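Results of the structural survey
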Amino acid sequence: MTGGATLFAHMRLSLLLTVLVLAVSAPAALAQQGGGGSGAFGPLPPAAPAATPTPTPDPTIEAQQETDRTLLYIIGAGLIVLFVVIGRVITRDARHALHESGSSGPPKLRDEGPHRHAKQSKAKARAKTKAQRRARRANR
């Protein structure tokens, strides 16, 4: 076979496969449309009525529900007791830590604390800035 004949054979084969695929898929497409032309957007068929009997609860289920409620109350009370105990432990530890630090007097003023040197350096920086401002005004 030459190059042109191979190309022609491939084109015939692809055309044959395309026709075959379209022929197979056409009935499926018609079945999806409903055959009568109403399509997928037509009205729905009426639903079949289904009568379901109402179940009667067993006496064991009612007893289990009552047990579950009692169990929930017990769990809730246990959680409340747990939270109270945790709060008391935290408070006691905070009070203990407060007494250990030895802060029995009133709080110190800023001038009395470790920030005194910062106040002096700020005052020095402000004075330097004022002097620079005066020098700039004098040089205008």
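Residues numbered from 1 in each chain as written. Predicted model: local features only at pLDDT ≥ 70, side-chain atom pairs only at ≥ 80, totals over all residues. Heavy atoms only, no water.

This part covers the overall build of the chain. Looking only at helices and strands, one finds three helices and zero strands in the chain. Its helices and strands in sequence order give the chain the pattern α-α-α, from N to C terminus. (Helix = DSSP H or I, 4+ residues; strand = E, 2+ residues; numbered from the N terminus.)

Turning our attention to a nonpolar patch on the surface. Where nonpolar side chains cluster on the molecular surface, the patch consists of Leu71, Leu72, Ile75, Leu79, Leu82, Phe83, Ile86 and Ile90 and spans about 800 Å² of accessible area. Among the secondary structure elements, isoleucine 90 is positioned in helix α2 (residues 59-101). The exposed category is assigned to isoleucine 90, whose relative accessible area is 55%. (Patch = residues over 30% accessible without salt bridge, like charges linked within 9 Å, V, L, I, M, F, W, Y side chains within 5 Å. Areas by Shrake-Rupley, 256 points an atom, 1.4 Å probe, with all protein chains shown as cover. Salt bridge = Lys/Arg side-chain N within 4 Å of Asp/Glu carboxyl O. Buried < 20%, exposed > 50% of the residue type's maximum accessible area, 1.4 Å probe, protein only.)

On the surface, Lys122, Arg126, Lys130, Arg133, Arg134, Arg136, Arg137 and Arg140 cluster together into a positively charged patch. You can see arginine 140 is positioned in the segment after α3 (116-138). (Lys, Arg positive; Asp, Glu negative; His and termini not counted. Charge placed at Lys NZ, Arg CZ, Asp CG, Glu CD.)

As a further point, take the confidence of the model for the chain. Per-chain confidence: the chain averages 79 in pLDDT, with 73% of residues scoring 70 or above. Taken element by element, the predicted model of the chain shows its lowest mean pLDDT in helix α1 (residues 3-33) (80) and its highest in α3 (87). (pLDDT = per-residue confidence, 0-100.)

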